[in-house]
Each structure stands twice: as structure tokens, then as C-alpha cells.
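# A structural walkthrough
So the chains spell out like this:
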Amino acid sequence: MLGWDNGRGLVCRRTVSVDANYLFTVADEVENKTSSPVSLHPYALLSRHGMPKVEGFYILYEGPIGVLGTAGLQEVGYADVLKDGGAKSFKQTGGWLGFTDKYWAAALIPDQTVPYEARFSGAKGPKDTFQTDFASAPVSIAPGAKQSFISHLFAGAKVVNLIEAYGEKLGAARFDQLVDWGYFYFITKPLFKLLHWLSLFFGNYGLAILATTVLVKLVFFPLANKSYESMAKMKMLQPEMEKLRERYKDDRVKQQQELMTIYREKKINPMAGCVPIRLQIPVFFALYKVLFSTIDMRHAPFFGWIKDLSAPDPTSLFNLFGLLPYAVPEFLHVGVWPLVMGITMWVQMQLNPQQPDPLQQKIFNWMPVMFTFLLASFAVGLVIYWAWNNVLSLLQQYTIMRKNGAEIHLWKNMGVEKLVARVRAGEGMDVGGAMARGGATLRRGADALGQRVGIGKSVTSAPLSGGGAITAASESSGDMTREQALKTLGLQAGATETEIDAAYKKHAHKNGSLNGSEKLSQARDVLRGRESS
């Protein structure tokens with residue numbers, strides 16, 4: 001308890017109490033010992049000295065904040081209140097005001113039934129100062145009487161359940177908006193509730209992140225399926241669209257008219273692939289914002305070396321993850337999880353065909369590297385979420401593309417098809433006999449055969465001194481003529497390369513292997529080789 005006598009008949013007493021979670025209750029009492037009534041304004045302020053260090057991310061607000069009666073949420077930046085005329089005042093009833101950081105906040109909560117004037121202000125100096133304050137409507141104290149008024153101050157961690165409880169207890173409207181839920185409040189907060197419940201269920205916040213991401217993916221799977229189905233149909237029209245562009249290359253209007261005619265005939269909506277993706281973006285952004293803004297990840301462990309999901313991955317590639325006894329510079333601090341994220345991002349990008357523009361393809365190739373270094377300094381919980389989301393997106397996209405008959409470029413772009421072709425080319429060969437015929441010649445032939453299966457001349461059987469024989473490559477694949485290749489892919493003479501690719505995709509889907517059988521690949525290569533020769 002604090003006391004003060006002004007020497008002119010007014011005696012002030014202040015009682016301050018605080019609970020375990022840093023909610024301060026301030027009770028002021030004034031006794032009027034004069035012979036005339038006195039009018040006083042209850043007043044409270046929060047002052048911050050020096051420009052604080054803020055995260056500086058667009059998705060997170062830090063600074064003076066308040067929910068002020070009918071004026072609603074007010075976020076007045078530090079830089080704004082320092083400007084000439086930057087101070088802002090509001091005459092309202094009910095609400096609260098203060099300062100918010102990423103995980104911590106201080107907020108004044110006046111009597112919710114008494115009108116007040118609230119103010120955000122700042123002053124430049126050797127140390128900039130920032131202030132939020134309020135002055136309630138005047139209270140009249142009769143001679144010989146006492147009058148008291150109570151206000152509250154919260155100064156603690158932004159634990160959602162805690163500040164919700166304080167908001168209900170004190171009747172402070174929207175007190176939970178001390179946490180920056182963003183524009184998608186109606187999505188962000190339910191996602192937080194789900195994450196929080198799953199963390200209690202699993203006993204591990206990292207597992208809750210993985211489980212929440214899976215559940216969100218499952219909810220949006222029908223939309224994603226619709227999107228990729230539309231994209232697959234559009235890809236099937238590529239040969240016709242190429243012909244139209246070639247035919248009407250000097251008449252854009254006619255080109256668009258003919259395209260719209262094709263869309264109507266095939267019952268395809270070119271925008272159908274975009275709408276489902278746009279509907280998903282707010283939800284995944286909201287989930288990212290929850291992980292970035294809420295305090296639940298702070299000091300929450302995962303598995304292995306991850307002891308704090310809110311801190312960056314403590315390992316680094318450039319000292320072999322701690323095996324070498326030296327500390328690396330911060331900009332080279334690339335841990336295990338950022339590498340996993342970068343790799344999954346790269347693999348996901350391999351699902352799409354190579355870009356026709358070499359410069360654009362180089363940019364695409366470097367993007368995973370750039371994101372690996374960029375996210376290395378982020379909270380590891382966010383990086384785990386990103387990596388896991390990449391894995392689920394990869395599986396989802398692969399499944400849907402395979403289902404809808406779209407060509408999957410993953411194995412081709414990763415070099416798996418070449419490896420499979422080499423293995424298949426080696427089947428049925430007597431290695432001992434081949435070595436007897438000359439290892440160097442066989443290796444050259446095998447390499448050529450692996451690169452273009454069955455295009456070259458077949459190797460005939462020949463008796464060897466060791467009694468063995470080399471089996472003809474033609475037994476498994478054989479030479480294929482142009483007529484046979486056209487028949488295999490169901491094409492007519494004079495087919496363009498685009499038509500060849502479209503026919504290959506169609507038959508490859510029916511075949512059910514990686515990207516088509518060896519025979520299909522051989523037919524495509526024969527036609528391509530003769531087209532380009």
C-alpha cells in the first residue's frame with residue numbers, strides 16, 4: 001500500500017496487488033478533508049523508453065495497440081506516433097490499450113462502465129519514448145467523503161487461454177487480440193485451438209504440428225483433386241492448342257475464339273484449376289501465422305537435438321553438424337531441418353516438366369537453395385511444418401496426377417528413368433561372354449543402349465571361346481521401324497513432336513509403369529530421332 005498527503009486536505013492511498021500470471025489490480029482511494037467538493041480524473045499510463053527491437057515481419061504486428069470501444073482494434077506503429085501530429089486520442093467506453101511484442105504484452109484495462117479518453121503518443125529524444133494512457137471521466141468527492149476507483153494492468157506472456165480468461169473476468173472486449181490473429185481471425189483462431197488440443201493429446205507440440213497439417217490436407221483433398229483434374233484435362237488439349245497457335249499466330253482474337261470453342265466442346269473451365277488453390281491459400285497462411293505468432297512453440301521440444309521449436313535449428317552443415325570444433329558464421333548456419341525442407345522442395349519441383357526457357361529453369365533450380373538459406377534462421381517449428389507440408393503436397397500431387405493420367409516428370413527429371421533403362425538394357429546379357437569379346441567395346445555399347453534403348457543396331461549372338469554367348473539385345477526389345485513406332489503410339493505419318501508426346505502420355509497412363517513401358521519409350525525415341533534427323 002502507498003500513501004500520499006498533498007498538504008491541502010487530500011489524502012491518497014493506493015493498493016497494488018498482483019496474481020501469479022501478472023495481472024495487477026490497482027485500487028486508488030482519495031479522502032477529501034477540505035470544506036469543498038473536489039473533482040478528480042482517474043488516470044493511468046504505460047511508458048516505454050527506447051525503440052524496442054521488433055521481429056520486423058509483415059505477418060506479425062508489434063507496437064502500441066488497443067481495442068477502444070466502438071473504435072475497435074487500433075494498431076499505431078512506433079514510427080507513426082513519433083511523427084509530428086502522430087499522437088492519436090479516442091473518447092470511448094470499454095476496452096483496453098497498451099504495447100505488444102511477439103510473445104509478451106502490457107495492457108491497461110480501465111473500468112469498463114466509465115467513459116474515458118485514451119491516447120497513443122511518442123516523443124523523439126536521445127532515447128525515444130512511447131506512451132499509452134487514459135483519463136476517465138471526472139469523479140466528484142464531497143467534503144469529508146472518500147471515493148475509490150479500480151483499474152487493471154496486465155504485463156505478461158500472451159498465453160491465449162490466459163488472456164481469454166482475463167478478458168472474460170474483467171469484461172474487456174476482444175482482449176484475446178493481444179495476439180495478432182491477422183485478417184483471417186475466423187480461420188487462425190480455430191486452427192490454434194486444434195493445434196493446442198493436439199499438443200495436449202500427443203504431449204508434443206511438434207507432433208501436433210504434423211498432425212494438424214495432415215488434417216488440413218485431408219479437408220482440402222477434394223479441392224486439390226478438382227484442381228489437378230482440371231490441369232490434367234488442360235494438358236491433354238496441349239496438342240490442339242499448339243496447332244491453333246500455329247494456325248492463327250498472327251490473329252490473337254481468332255486464336256482466343258477458337259480456344260473458347262474447344263473449351264466449350266470439351267466442357268473444360270480454364271479457371272477451374274485456379275479457384276480451389278485460391279480457396280486453400282488463406283487456410284495454409286493462417287496455419288503458418290499461428291505457428292509464427294503464438295507462444296506455445298516457445299521452449300517446446302521435439303525429438304533429438306530440437307529442444308526449442310521457437311528457435312532456429314542449432315546444427316550446421318558447415319561444421320558437419322557439430323563434428324568439427326568451430327562455430328560457423330550466422331549466415332552459414334544451415335541445419336538439418338532446413339536441408340530437409342530444401343530437398344523436399346526440390347523433389348516437389350521435379351514433378352513439373354522442365355521450363356522451355358533455360359534462364360527460367362536455372363532460377364527454378366536455385367529456388368530450393370535460396371529458400372534453404374532463407375529459412376535457416378526461422379524457428380525450427382516453422383521449418384518442420386514447411387518440410388512436412390512439402391512431403392504431403394508431393395504425395396498428394398503425385399497421386400492425383402497419376403489418377404488423372406497426367407505425365408509425371410518426377411522420375412525423368414531426377415534421372416530415374418535413365419537408371420531403369422540401363423538396368424533393363426543389362427538384363428539377359430552373359431557378362432562373362434561379353435567380357436571375352438572385349439570389355440571396352442561392351443561398355444560403350446551398353447552406355448549407348450542405356451541412353452537410347454533399342455534405337456541402335458541389335459547385337460547378334462556369337463559363339464565365344466569360353467563357351468558362352470552374348471544374348472541379342474533384340475530378344476528383349478528389337479529394332480523398331482518408323483511404321484512400328486507409329487502403330488505402337490497409334491499415330492499417323494507426319495505426326496508432330498507435340499502429337500508424339502501426347503500419344504506417349506496417353507499410352508503411358510494405361511501402361512501403369514513409371515512413365516511408360518520400354519516399348520513406348522522406344523517408339524517415342526524412334527519417332528523423335530527420325531523427326532529431328
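### Focus on the overall build of the chain
- Counting its secondary structure elements, the chain contains 17 helices and 14 strands.
- Within the chain, contacts between residues separated by at least 24 positions form 65% of all contacts whose residues are at least 6 apart in sequence.
- Looking at the chain as shown, the accessible area adds up to about 28,900 Å², and 60% of this sits on carbon and sulfur atoms.

### Things to note about a nonpolar patch on the surface
- Together, Leu317, Phe318, Phe321, Trp366, Val369, Met370 and Phe373 make up an exposed nonpolar region whose accessible area comes to about 670 Å².
- Checked against the element boundaries, Leu317 lands in the loop between α8 (274-293) and α9 (336-349).

### Observations concerning the nonpolar core
- Ranked by internal contacts, the top residues of the largest apolar core, which has 59 residues, are Trp96, Phe175, Leu178 and Leu309.
- Going through the elements one at a time, β6 (63-68), β10 (104-109), α2 (160-170), α3 (185-202), α4 (205-219), α8, α9 and α11 (380-403) are the ones with two or more residues in this core.
- With 8 residues, α8 is the single largest residue contributor to this core.
- With sequence-adjacent residues up to four places away left out, Phe175 is seen in contact with Trp96, Ala107, Ile109, Phe154, Ile163, Tyr166 and Gly167.
- Formed by 17 residues, the second largest nonpolar core is a distinct cluster that contains Val81, Phe90, Leu97 and Phe120.

### Considerations on the pairing of strand β14 (residues 146-157)
- Note that strand β3 (residues 23-32) and β14 share 9 bridges and pair antiparallel. Its bridge partner lying in β14, Val26 is registered against Ser151.
- Pairing of β10 with β14 involves 6 bridges; the strand directions are antiparallel. Counterpart to Trp104 in the pairing with β14 is Ala157.

### Structural notes on the environment of Gly144
- Checked against the element boundaries, Gly144 lands in the loop between β13 (139-141) and β14.
- The class of Gly144 is exposed, set by a relative accessible area of 61%.
- In this structure, the C-alpha to C-alpha distance between Gly144 and Gly9, residues 135 residues apart in sequence, is 9.6 Å.

### Remarks on the pattern of salt bridges
- Taken as a whole and assessed by the stated rule, the structure comprises 12 salt bridges.
- A salt bridge links Glu31 to Arg13, with the nearest nitrogen and oxygen atoms 3.4 Å apart. Here Glu31 is found in strand β3, whereas its partner Arg13 is found in strand β2 (residues 10-18), with 18 residues between them in sequence.
- Judged by its relative accessible area of 28%, Arg13 is partly exposed.

### Remarks on the packing of α9 against helix α10 (residues 358-375)
- Contact pair α9 / α10: the axes reach a minimum separation of 9 Å and the direction vectors enclose 160 degrees. By the angle class used here, α9 and α10 are roughly antiparallel. In this structure, α9 meets α10 at a crossing whose hand is right-handed. Along its contact with α9, which presents Pro338, Leu339, Met341, Gly342, Met345, Trp346 and Met349, the element α10 presents Phe364, Met367, Pro368, Phe371, Thr372 and Leu375.
- For the contact of α9 with α10, the residue count by class is 11 nonpolar, 2 polar and no charged.

### Thoughts on the sheet that holds strand β5 (residues 43-49)
- Taken together, 4 strands build an open sheet; the order of strands is β5-β12-β11-β8 and the sheet is antiparallel. Of all strands in the sheet, those bounded by a partner on one side alone are β5 and β8 (88-93). Within the sheet, the average angular offset between the axes of one strand and its neighbour, ignoring direction, is 10 degrees.
- Pairing geometry for strand β11 (residues 115-123) and strand β12 (residues 129-136), over 8 bridges, is antiparallel. Considered in β12, the bridge of Tyr116 is made with Ser136.

### Thoughts on the packing of aromatic side chains
- Under the defined criterion, the tally for this structure stands at 19 aromatic pairs.
- By the ring-pair criterion, three or more aromatic residues cluster together here, those being Trp96, Phe154, Tyr166 and Phe175.
- Note that Lys102 overlies the ring of Phe292, its terminal NZ or CZ placed 4.3 Å from the centroid.

### Section: the side chain of Gln74
- Its place among the elements puts Gln74 in strand β7 (residues 72-75).
- Once residues lying within four places of it in the same chain are set aside, the contact partners of Gln74 are Pro64, Ile65, Gly66, Leu68, Phe90 and Phe120.

### Examining the sheet that holds β14
- Across the sheet, which stays open at both edges, the 8 strands sit in the order β1-β2-β3-β14-β10-β9-β6-β7 with antiparallel pairing between neighbours. On the outer flanks of this sheet lie β1 (2-5) and β7, each paired with one strand and no other. Averaged over all pairs of adjacent strands, the angle between their axes in this sheet comes to 15 degrees, without regard to strand direction.
- Relative to β2, β1 runs antiparallel, the two sharing 4 bridges. Of the residues in β2, the one forming a bridge with Trp4 is Cys12.
- Packed onto the sheet, α2 meets β3, β10 and β14 and runs at close to 165 degrees relative to β14.

### Side note on α4
- Compared with an ideal rise of 1.5 Å per residue, which puts 15 residues at 21 Å, α4 spans 21 Å between its outermost C-alpha atoms and is within 8% of the ideal.
- Every buried residue of α4 is listed here: Tyr205, Gly206, Ala208, Ile209, Leu210, Ala211, Thr212, Thr213, Val216 and Lys217.
- Put simply, Asn204 is the residue that caps the front of α4, since its side-chain oxygen is 2.8 Å from the backbone nitrogen of Gly206.

### A short note on the confidence of the model for the chain
- Within the chain, residue pLDDT values average 80, and 81% of them lie at 70 or more.
- Within the chain, no element has a lower average pLDDT than helix α14 (residues 431-451), which sits at 46, and none a higher one than strand β9 (residues 95-100), at 96.
- pLDDT under 50 marks residues 428-443. Its contacts with residues more than four places away, or in other chains, come to 14 contacts.
- Throughout residues 512-516 the model reports pLDDT below 50, and contacts reaching past four residues in sequence, or to other chains, amount to 18 contacts.

### Side note on the environment of Tyr185
- Structurally, Tyr185 can be placed in helix α3.
- Separated by 101 residues in the primary sequence, Tyr185 and Ala286 place their C-alpha atoms 8.2 Å from one another.

### Observations concerning the pairing of β12
- Along β12, 6 of the 8 residues are buried, which leaves the element largely enclosed by surrounding structure.
- Across 7 bridges, β5 lies against β12 in antiparallel orientation. Within the sheet, the bridge partner assigned to His49 lies in β12 and is Thr129.
- The turn joining β11 and β12, which pair antiparallel and follow one another in sequence, is formed by 5 residues.

Criteria and thresholds
- Residues numbered from 1 in each chain as written.
- Predicted model: local features only at pLDDT ≥ 70, side-chain atom pairs only at ≥ 80, totals over all residues.
- Heavy atoms only, no water.
- Helix = DSSP H or I, 4+ residues; strand = E, 2+ residues; numbered from the N terminus.
- Contact = heavy atoms within 4.5 Å.
- Areas by Shrake-Rupley, 256 points an atom, 1.4 Å probe, with all protein chains shown as cover.
- Patch = residues over 30% accessible without salt bridge, like charges linked within 9 Å, V, L, I, M, F, W, Y side chains within 5 Å.
- Salt bridge = Lys/Arg side-chain N within 4 Å of Asp/Glu carboxyl O.
- Core = buried A, V, L, I, M, F, W, Y, C linked by side-chain atoms within 4.5 Å.
- Buried < 20%, exposed > 50% of the residue type's maximum accessible area, 1.4 Å probe, protein only.
- Pairing = 2+ DSSP bridges.
- Axes fitted to C-alpha atoms, helices over the stretch in contact; angles between N-to-C directions.
- Parallel < 35°, antiparallel > 145°, perpendicular 65-115°, else oblique.
- Left-handed = near helix turned anticlockwise from the far one by under 90°.
- Nonpolar A, V, L, I, M, F, W, Y, C, P; charged D, E, K, R; others polar.
- Phe/Tyr/Trp six-rings, centres within 6.5 Å; stacked < 30°, edge-to-face > 60°.
- Lys NZ or Arg CZ within 6 Å of the ring centre and 35° of its normal.
- Expected span 1.5 Å × (residues − 1).
- Polar contact = N/O pair within 3.5 Å; in protein donor to acceptor, adjacent residues only side chain to side chain.
- pLDDT = per-residue confidence, 0-100.

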